[in-house]
Amino acid sequence: MAEQVNSLEELGQVAEGTVAVAEPVAAPREPVRDALGRSYATGKRKDAVARVWIKPGSGKVSVNGKAMDAYFARPVLQMILRQPFTVAGVDGQFDVMATVKGGGLSGQAGAVKHGISKALQLYDPSLRSALKAAGFLTRDSRVVERKKYGKRKARRSFQFSKR
(Lines give C-alpha, C1' and ligand atoms only; values in the text may rest on other atoms or scores of the structure.)
Protein backbone atom coordinates (compact mmCIF):
# COMPACT_ATOMS: atom_id res chain seq x y z
CA MET A 1 0.00 0.00 0.00
CA ALA A 2 1.31 3.48 -0.82
CA GLU A 3 2.19 5.74 2.09
CA GLN A 4 0.28 8.98 2.35
CA VAL A 5 2.27 12.23 2.32
CA ASN A 6 0.92 14.57 5.02
CA SER A 7 3.36 17.51 5.12
CA LEU A 8 5.46 19.67 2.80
CA GLU A 9 8.68 18.24 4.28
CA GLU A 10 7.62 14.70 3.44
CA LEU A 11 6.65 15.86 -0.05
CA GLY A 12 10.10 17.39 -0.50
CA GLN A 13 11.75 14.15 0.60
CA VAL A 14 9.65 12.16 -1.84
CA ALA A 15 10.56 14.57 -4.67
CA GLU A 16 14.30 14.28 -3.83
CA GLY A 17 14.05 10.53 -3.77
CA THR A 18 15.15 10.02 -0.17
CA VAL A 19 11.83 8.46 0.82
CA ALA A 20 10.63 5.61 -1.35
CA VAL A 21 6.90 5.50 -1.93
CA ALA A 22 5.62 2.06 -2.92
CA GLU A 23 3.59 2.15 -6.15
CA PRO A 24 0.79 -0.36 -6.63
CA VAL A 25 1.70 -3.11 -9.08
CA ALA A 26 -0.99 -4.45 -11.39
CA ALA A 27 -1.72 -8.12 -10.87
CA PRO A 28 -0.71 -10.27 -13.85
CA ARG A 29 -3.63 -11.50 -15.95
CA GLU A 30 -4.71 -15.09 -15.43
CA PRO A 31 -5.77 -17.39 -18.29
CA VAL A 32 -9.54 -17.90 -18.51
CA ARG A 33 -10.45 -21.45 -19.60
CA ASP A 34 -13.42 -23.75 -19.03
CA ALA A 35 -13.38 -27.37 -17.87
CA LEU A 36 -12.64 -28.60 -21.41
CA GLY A 37 -9.63 -26.28 -21.81
CA ARG A 38 -11.42 -23.86 -24.13
CA SER A 39 -11.62 -20.08 -24.06
CA TYR A 40 -14.82 -18.29 -25.07
CA ALA A 41 -15.36 -14.76 -26.36
CA THR A 42 -17.99 -12.77 -28.20
CA GLY A 43 -17.00 -10.71 -31.24
CA LYS A 44 -19.08 -8.02 -32.92
CA ARG A 45 -18.93 -6.08 -36.18
CA LYS A 46 -21.71 -4.07 -37.84
CA ASP A 47 -24.87 -6.15 -37.15
CA ALA A 48 -23.05 -9.49 -36.83
CA VAL A 49 -22.44 -11.22 -33.50
CA ALA A 50 -20.04 -14.16 -33.25
CA ARG A 51 -19.66 -16.59 -30.36
CA VAL A 52 -16.18 -18.09 -30.54
CA TRP A 53 -14.55 -21.00 -28.68
CA ILE A 54 -10.85 -21.78 -29.13
CA LYS A 55 -8.86 -24.78 -27.90
CA PRO A 56 -5.41 -26.18 -28.70
CA GLY A 57 -5.46 -28.23 -31.86
CA SER A 58 -4.38 -28.47 -35.48
CA GLY A 59 -5.76 -25.14 -36.77
CA LYS A 60 -9.21 -26.33 -37.90
CA VAL A 61 -11.78 -23.50 -38.13
CA SER A 62 -15.51 -24.21 -38.30
CA VAL A 63 -18.16 -21.52 -38.60
CA ASN A 64 -21.83 -22.45 -38.05
CA GLY A 65 -20.90 -26.13 -38.45
CA LYS A 66 -19.14 -25.66 -41.81
CA ALA A 67 -15.45 -25.46 -42.64
CA MET A 68 -14.04 -21.94 -42.93
CA ASP A 69 -13.45 -22.16 -46.71
CA ALA A 70 -17.00 -23.45 -47.26
CA TYR A 71 -18.66 -20.70 -45.21
CA PHE A 72 -16.37 -17.82 -46.23
CA ALA A 73 -15.71 -18.62 -49.89
CA ARG A 74 -13.83 -15.39 -50.68
CA PRO A 75 -10.09 -15.54 -49.95
CA VAL A 76 -10.17 -12.02 -48.47
CA LEU A 77 -12.61 -13.14 -45.77
CA GLN A 78 -10.47 -16.19 -44.99
CA MET A 79 -7.43 -13.92 -44.67
CA ILE A 80 -9.36 -11.71 -42.20
CA LEU A 81 -10.04 -14.78 -40.04
CA ARG A 82 -6.37 -15.82 -40.05
CA GLN A 83 -5.02 -12.36 -39.09
CA PRO A 84 -5.16 -12.77 -35.26
CA PHE A 85 -3.18 -16.02 -35.45
CA THR A 86 -0.45 -14.55 -37.68
CA VAL A 87 -0.10 -11.42 -35.53
CA ALA A 88 0.09 -13.50 -32.34
CA GLY A 89 2.45 -16.01 -33.99
CA VAL A 90 0.33 -19.09 -33.22
CA ASP A 91 -0.59 -20.27 -36.74
CA GLY A 92 -2.12 -23.75 -36.76
CA GLN A 93 -2.02 -24.18 -32.98
CA PHE A 94 -5.70 -23.60 -32.13
CA ASP A 95 -9.00 -25.07 -33.30
CA VAL A 96 -11.84 -22.57 -33.61
CA MET A 97 -15.57 -23.25 -33.32
CA ALA A 98 -17.73 -20.21 -34.03
CA THR A 99 -21.42 -19.47 -34.43
CA VAL A 100 -22.39 -16.25 -36.18
CA LYS A 101 -25.72 -14.48 -36.56
CA GLY A 102 -26.77 -11.27 -38.25
CA GLY A 103 -25.22 -9.02 -40.85
CA GLY A 104 -23.58 -10.02 -44.10
CA LEU A 105 -20.50 -12.10 -44.81
CA SER A 106 -18.06 -9.21 -44.41
CA GLY A 107 -19.49 -8.20 -41.04
CA GLN A 108 -19.56 -11.83 -39.92
CA ALA A 109 -15.89 -12.29 -40.84
CA GLY A 110 -15.01 -9.18 -38.84
CA ALA A 111 -17.05 -10.44 -35.89
CA VAL A 112 -15.32 -13.83 -35.90
CA LYS A 113 -11.92 -12.08 -36.12
CA HIS A 114 -12.82 -9.93 -33.10
CA GLY A 115 -14.02 -12.99 -31.18
CA ILE A 116 -10.89 -15.00 -32.01
CA SER A 117 -8.67 -12.12 -30.86
CA LYS A 118 -10.52 -11.78 -27.56
CA ALA A 119 -10.50 -15.54 -26.96
CA LEU A 120 -6.76 -15.77 -27.74
CA GLN A 121 -5.89 -13.10 -25.20
CA LEU A 122 -8.07 -14.84 -22.61
CA TYR A 123 -6.44 -18.21 -23.33
CA ASP A 124 -2.87 -16.80 -23.22
CA PRO A 125 -2.59 -13.29 -21.69
CA SER A 126 0.96 -12.90 -23.05
CA LEU A 127 -0.55 -12.53 -26.56
CA ARG A 128 -2.56 -9.48 -25.48
CA SER A 129 0.10 -6.86 -26.30
CA ALA A 130 0.54 -8.02 -29.91
CA LEU A 131 -3.22 -8.24 -30.51
CA LYS A 132 -3.87 -4.87 -28.89
CA ALA A 133 -1.11 -3.18 -30.90
CA ALA A 134 -2.68 -4.51 -34.11
CA GLY A 135 -6.07 -3.12 -32.99
CA PHE A 136 -7.85 -6.48 -32.98
CA LEU A 137 -9.25 -6.21 -29.44
CA THR A 138 -11.16 -3.00 -30.19
CA ARG A 139 -14.68 -3.38 -31.54
CA ASP A 140 -15.06 -1.55 -34.85
CA SER A 141 -17.94 0.78 -33.95
CA ARG A 142 -18.77 1.85 -37.51
CA VAL A 143 -22.33 0.90 -38.42
CA VAL A 144 -24.65 1.80 -41.27
CA GLU A 145 -26.10 5.29 -40.96
CA ARG A 146 -29.87 5.38 -40.66
CA LYS A 147 -32.14 6.71 -43.39
CA LYS A 148 -33.50 10.24 -42.80
CA TYR A 149 -37.02 11.34 -43.68
CA GLY A 150 -37.36 13.46 -46.81
CA LYS A 151 -34.24 11.80 -48.24
CA ARG A 152 -33.76 8.88 -50.57
CA LYS A 153 -31.10 7.16 -48.44
CA ALA A 154 -29.09 8.27 -45.42
CA ARG A 155 -27.67 11.31 -47.22
CA ARG A 156 -28.77 11.05 -50.85
CA SER A 157 -31.56 13.49 -51.72
CA PHE A 158 -34.09 13.30 -54.49
CA GLN A 159 -33.05 14.97 -57.74
CA PHE A 160 -33.59 18.71 -57.58
CA SER A 161 -35.68 20.19 -60.42
CA LYS A 162 -35.49 23.92 -60.93
CA ARG A 163 -38.42 23.96 -63.40
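Residues numbered from 1 in each chain as written. Predicted model: local features only at pLDDT ≥ 70, side-chain atom pairs only at ≥ 80, totals over all residues. Heavy atoms only, no water.

Digging into the sheet that holds strand β4 (residues 66–67)
- Strand order in this open sheet of five strands is β1-β2-β5-β3-β4, and the pairing throughout is mixed. Looking along the sheet, the strands with just one partner apiece sit at the ends: β1 (39–45) and β4.
- Relative to strand β5 (residues 94–101), strand β3 (residues 61–63) is paired through three bridges, and the arrangement is parallel. Its bridge partner lying in β5, V61 is registered against V96.
- Taken strand by strand, helix α4 (residues 105–123) contacts β1, β2 (48–56) and β5, and its axis lies near 145° from that of β1. (Pairing = 2+ DSSP bridges. Helix = DSSP H or I, 4+ residues; strand = E, 2+ residues; numbered from the N terminus. Contact = heavy atoms within 4.5 Å. Axes fitted to C-alpha atoms, helices over the stretch in contact; angles between N-to-C directions.)

What about unusual backbone geometry?
- A positive phi is found at K46, a non-glycine position, where the angle reads about 50°.
- In this fold, K46 is placed in the loop between β1 and β2.
- Unusually for a residue other than glycine, N64 sits at a positive phi of about 50°.
- Under the relative-accessibility criterion, N64 is labelled partly exposed at 32%. (Buried < 20%, exposed > 50% of the residue type's maximum accessible area, 1.4 Å probe, protein only.)

Details of the side chain of D95
- Structurally, D95 is set in strand β5.
- It is K55 that comes nearest to the buried, bridge-free D95 among opposite-charge side chains, at 5.2 Å. (Lys, Arg positive; Asp, Glu negative; His and termini not counted. Salt bridge = Lys/Arg side-chain N within 4 Å of Asp/Glu carboxyl O.)

A word on the nonpolar core
- Grouped together as the largest cluster of nonpolar side chains are 31 residues, with contacts concentrated most on I54, L81 and L120.
- Of all elements in the fold, only β2, β3, α2 (68–71), α3 (75–88), β5 and α4 reach the threshold of two or more residues within this core.
- Top element by residues in this core is α4. It accounts for seven residues.
- Contact partners of L81, with chain neighbours within four places excluded, come to V61, V63, M68, F72, A109, V112 and I116. (Core = buried A, V, L, I, M, F, W, Y, C linked by side-chain atoms within 4.5 Å.)

Some details on the pairing of β5
- Alignment of β2 against β5, held across eight bridges, turns out to be antiparallel. Note on β5: the bridge partner recorded for W53 is M97.

Observations regarding the environment of A73
- Here A73 lies in the loop between α2 and α3.
- With relative accessibility at 59%, the residue A73 sits in the exposed group.
- When the C-alpha atoms of A73 and L105 are compared, they prove to be 9.6 Å apart, with 32 residues separating the residues in sequence.

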